[in-house]
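Observations on the model geometry
So you can see what is in the structure, the chains are spelled out below.
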Amino acid sequence: MDLLGRIFVKPFQDMAAAPDFLIQVVWEGLVSGTLYALIALGFVLIYKSSRIFNFAQGIMVVFAALTLVGLHQMGVPALLALPMTLVVMFFLAVAIERLVLRPLVNQPDIILFMATIGITLFLIGFGETIFGGETKRMITRELYIPAGSTIFEPFGGFVAIEHLDLTALVAAILLVTSLLVFLNKTRIGRAIRALGDDHQAALSVGISLSMIWVVVWFIAGIIALVTGIAWGARAGVSFALEIIALKALPVLLLGGLESVAGAIIGGLAIGVLEKLFEIYWGQPLMGGGTETWFAFVFALIVLLFRPQGLFGERIIERV
Amino acid sequence: MLYRVAGQYKTSYQADYALFPVRQDAFLLGIILIMAFVVLPATANDFVFRALLIPVLIYALAAMGLNILTGYAGQLSLGTGAFMGVGAYACFKLVTIFPEMNILVAVLLSGFFSATIGMAFGLPSLRIKGFYLAIATLAAQFFLVWLFQKWGWLYNYHTSGAILVPNIQMFGITVSGPTATAMAQYYFVLGVVALMTILAINVTRGRIGRIWKSVRDMDIAAELVGINLMKAKLMAFFVSSYIVGVSGALFVFMWRGAAEAELFDVQLSFRVLFIAIIGGLGSILGNYLGAILIVALPVLLNVVPRALGLPISSSMVEHLNTMTIGALIIFFLIVEPHGLARFWQIIREKLIIWPFPH
């Protein structure tokens, strides 16, 4: 009885008792949820256009951030380093398409998935060789990203909102909007969606597979750079980011592998829920650290009821 | 030339489906077994035992477990590392609760714990497929590793949070713990792995194996011809997790000597998956080939620059290692997506028809 009370009653009493703390927790959840959503977006784009489950998105985030910081350390001004990083990401996209994807066209999904894990290992080694393995500080000030925080006082309490997080949120919204416009209104965007619908039909009307793949991987690289800046500003740039990127996977499960909207909503939902669970259930009842698995277990439970995720395409199977 | 099949007539279907339809296959296997049981132990030193032979066998066993699930039954799993952990922790608890139990029995029993847990986490496979299932198995991976850290009973509330393998004797020979000799451990591992391999070959060649293959190739069609999907999939999870659990117990007791929860993280799962895929999905032989490649490669890469006298720092060697392994994985996938086992098949066929091209 006491245990049931602690599971079902006490957490909600705690929430009601300190609403300002609750708001702070939800805000923190929203911010990390935005970052999950951004990583998931990179996955979704590539999955939609090529049916490749791109495991390397996480390391691309690290690699983009490392390149940016590394270039700055070599003496390149920050505002010049940004476009230079984009150029590097473009060449990375071209290299991946030429060296890895093109020879593997038409192979089973799992082989391509493995290949992206190979890319991940390669980029980890490559990044460590060039930039070193230690944690670096993100060059937020040099990029004119505002620091400091605004403090609200709702319910006579205290909620601090970091300007850094606010910037990340705004940047994410801008990025997603421009991405949606790009996908829906431009020629290339239409070609990407056509490839996602039916590979062979798209090829037969003259859409170039390799060109689209380069474009898609480059866009994923841009998303990775934005994610890398936002996350690096919070936690520093290190290879630990790559592990955190695994958290984007349950977001994909929840939202569905093909849905842009699903990635965003799923990301925000998982960000908020895992923070709430950790603070109100995980720490008092289970000794904390539940953030490593909560998202996966939650997504798994949702999946039992909707096997293709909340927004994924319904799988129709025929013999 | 070496594989002359002329004169080996088959007069019944039974002979055609035998384990060794060509006599030379059995001969080759005999040579490999003599190598494994006699020649290698006689010539190897401690370093070779601990850095090459024992890990190759253990990883091959883990990959075999995964291969039964992924290669034969078609269910992609990324939770292998955690299931190895379940086997290791179960073995540790068995050994500490019943100290007089024979270590061989403890190792073989511990597989049943991971099999049960693996089956429980296999339940979603009835509704979820493909990559969705792969991510779902990550739930097992992260949840179980968290449990290994937080549940003190599992590691007997040791302050370090790690499990330490005690000295264990079997028939008067120390086979496990700090004082065990590498050779005793090698023979123990070799025995268990050989036993499991015979078991796996027989299961996959028989009725159950054929059921799994039909589920892998098209599960709806399999259901239509009267295969119970639930039974088939759960059985695949059970058998696979059993083998993986045994390999996990061997991993800690016969090789590492001590283990923390982090040892069984997602990187271990990926390493085993690499071995299974590079070796060849749907093949027993492939697991050994893949394990030899993945285990031997880092050792070689460590030795080569030092032998050449190149002045490279050890951290740099490690970075270059990661990079080379990544590149090699991509290279092997491009050259032969069906794995090293298929590579061997092609060579064998060429040898049989040699000197003719077709």
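One can find the structure itself at the top, above this paragraph.
These notes cover the structure that comes with them. As the structure is a computational prediction, the values presented were derived from the model and not from experiment. (Residues numbered from 1 in each chain as written. Chains lettered and ligands numbered in written order. Predicted model: local features only at pLDDT ≥ 70, side-chain atom pairs only at ≥ 80, totals over all residues. Heavy atoms only, no water.)

Details of the environment of Val100(A)
The residue Val100(A) is located in helix 5 (residues 78-101) in this model. Sequence separation between Val100(A) and Gly118(A) is 18 residues, and the spatial gap between their C-alpha atoms is 9.6 Å. Those residues in contact with Val100(A), other than ones at most four positions away along the chain, are Ala95(A), Ala115(A), Ile119(A), Ile330(B) and Ile334(B). (Helix = DSSP H or I, 4+ residues; strand = E, 2+ residues; numbered from the N terminus. Contact = heavy atoms within 4.5 Å.)

Describing the nonpolar core
The biggest cluster of nonpolar side chains holds 219 residues, and the ones touching the most others in it are Phe53(A), Leu249(A), Ile103(B), Leu250(B), Phe253(B) and Phe264(B). Broken down by element, the residue count for this core peaks at 16 residues, all from helix 3 (residues 46-72) of chain B. In contact with Ile103(B), not counting residues within four places along its chain, are Val95(B), Ile168(B), Met170(B), Val175(B), Phe188(B), Phe253(B) and Met254(B). (Core = buried A, V, L, I, M, F, W, Y, C linked by side-chain atoms within 4.5 Å. Buried < 20%, exposed > 50% of the residue type's maximum accessible area, 1.4 Å probe, protein only.)

Digging into the interface of chain A and chain B
Often, the extent of an interface is quoted as the loss of accessible area on bringing the components together. Listed as interface residues are 52 residues of chain A and, on the opposing side, 42 residues of chain B. Here chain A meets chain B over a buried area of about 4,100 Å², counting both sides, of which 81% is carbon and sulfur. Along the contact surface separating chain A from chain B lie zero residue pairs in polar contact (both at pLDDT 80 or more). The set of elements that each furnish at least two residues to the side of chain A that touches chain B consists of helix 5, helix 6 (109-131), helix 12 (248-255) and helix 14 (294-305) of chain A. Per-element tally for the side of chain A that touches chain B: the top contributor is helix 6 of chain A, with 16 residues. Of the residues contributing to the side of chain A that touches chain B, the split by class is 34 nonpolar, 12 polar and six charged. (Buried area = accessible area lost by both parts, 1.4 Å probe. Polar contact = N/O pair within 3.5 Å; in protein donor to acceptor, adjacent residues only side chain to side chain. Nonpolar A, V, L, I, M, F, W, Y, C, P; charged D, E, K, R; others polar.)

Considering the pattern of salt bridges
With the rule as written, the count across this model stands at five salt bridges over all chains. When the shortest N-O distance is used, the salt bridge between Arg216(B) and Asp217(B) registers 3.1 Å. (Salt bridge = Lys/Arg side-chain N within 4 Å of Asp/Glu carboxyl O.)

Things to note about the environment of Leu123(A)
Residues and elements named next belong to chain A. Mapping Leu 123 onto the fold places it in helix 6. Linking Leu 123 and Val 62, residues 61 residues apart in sequence, is a C-alpha distance of 9.3 Å. When near neighbours in sequence (up to four residues on either side) are disregarded, Leu 123 contacts Ile 59, Met 60, Phe 63 and Leu 92.

Topic: the layout of surface pockets
Of the pockets and cavities examined, the second largest pocket occupies roughly 870 Å³. Forming the boundary of the second largest pocket are 34 residues, of which Leu121(A), Gln267(B), Arg271(B), Thr322(B) and Ile325(B) lie nearest the centre. Of all the elements in the fold, those that place two or more residues in the lining of the second largest pocket are helix 6 and helix 11 (240-244) of chain A together with helix 3, helix 10 (229-256), helix 11 (266-279), helix 12 (285-308) and helix 13 (314-335) of chain B. Per element, the largest residue contribution to the lining of the second largest pocket is six residues, and it comes from helix 11 of chain B. The class makeup of the residues in the lining of the second largest pocket is 23 nonpolar, five polar and six charged. (1 Å grid on protein atoms, 1.4 Å probe; cavity = no way out; pocket = protein on both sides within 12 Å on 5 of 7 lines; lining within 4 Å. Points joined across faces, edges and corners; volume = space filled by probe spheres on them.)

Description of the side chain of Thr137(B)
Mapped onto the secondary structure, Thr137(B) falls in helix 6 (residues 130-150). Apart from residues no more than four positions distant in its own chain, Thr137(B) is found in contact with Leu76(B), Ser77(B), Leu78(B) and Gly79(B).

Comments concerning the environment of Phe152(A)
With respect to the helices and strands, Phe152(A) occurs in strand 1 (residues 149-152). Phe152(A) sits 138 residues away from Thr290(A) along the chain, and the two C-alpha atoms are 29 Å apart.

What about helix 10 of chain B?
Residues and elements named next belong to chain B. With 28 residues, helix 10 extends 38 Å from end C-alpha to end C-alpha; this agrees with the ideal 40 Å at 1.5 Å per step. Its axis deflected by about 25 degrees at Leu 250, helix 10 carries its strongest bend there. Counting buried residues in helix 10 gives 22 out of 28 residues, a clear majority hidden from the surface. Backbone nitrogen of Met 230 and a side-chain oxygen of the N-cap are separated by 3.2 Å at the start of helix 10; the cap is Asn 228. (Expected span 1.5 Å × (residues − 1). Bend = angle between axes of the 7 residues up to and from the residue.)

Brief notes about helix 8 (residues 187-197) of chain A
All names here are of chain A. Among all positions of helix 8, only Gly 189, Ala 191, Ile 192, Leu 195 and Gly 196 are buried. The arc that holds every buried residue of helix 8, seen down its axis, measures 160 degrees, which confines them to one face. In helix 8, the exposed positions that point more than 90 degrees away from the buried face belong to Arg 187 and Asp 197. Considering only its buried residues, helix 8 is in contact with helix 3 (19-50), helix 7 (163-185), helix 9 (199-204) and helix 10 (209-235). Where helix 8 starts, the residue carrying a side-chain oxygen 3.1 Å from the main-chain nitrogen of Gly 189 turns out to be Thr 186. (Arc of directions from axis to C-beta.)

Remarks on the pairing of strand 3 (residues 173-176) of chain B
Residue and element names in this part refer to chain B. In terms of strand pairing, strand 2 (residues 168-170) meets strand 3 through three bridges, oriented antiparallel. Residue pairing in the sheet places Ile 168 in a bridge with Ser 176 of strand 3. Joining the antiparallel neighbours strand 2 and strand 3 is a turn of two residues, in which Phe 171 adopts a positive phi near 50 degrees. (Pairing = 2+ DSSP bridges.)

Observations concerning the packing of aromatic side chains
What the rule picks out here adds up to 29 aromatic pairs over all chains. On the basis of an interplanar angle of 65 degrees and a centroid distance of 6.0 Å, the ring pair of Tyr59(B) and Phe251(B) is categorised as edge-to-face. You can see Tyr59(B) sitting in helix 3 and its partner Phe251(B) sitting in helix 10, a full 192 residues away along the chain. Phe251(B) matches Tyr59(B) in its accessibility class, with the two residues each being buried. Measuring from ring centre to ring centre gives 6.4 Å for Phe112(B) and Phe238(B), while their planes differ by 50 degrees; the resulting arrangement is tilted. Here Phe112(B), found in helix 5 (residues 103-122), pairs with Phe238(B), found in helix 10; they are 126 residues apart in sequence, far enough to count as distant. Residue classification places Phe112(B) among the partly exposed residues on the basis of a relative accessible area of 40%. Each residue in the set Phe277(A), Trp293(A), Phe294(A), Phe298(A), Phe143(B) and Trp146(B) is aromatic and connected to the rest through ring pairs, giving one cluster. (Phe/Tyr/Trp six-rings, centres within 6.5 Å; stacked < 30°, edge-to-face > 60°.)

Points about the side chain of Lys93(B)
All names here are of chain B. With respect to the helices, strands and loops of the structure, Lys 93 is situated in helix 4 (residues 80-97). In this structure Lys 93 is buried but unpaired, with Glu 100 as the nearest side chain of opposite charge at 14 Å. In contact with Lys 93, other than residues within four places in its own chain, are Trp 153, Leu 154 and Asn 156. (Lys, Arg positive; Asp, Glu negative; His and termini not counted.)

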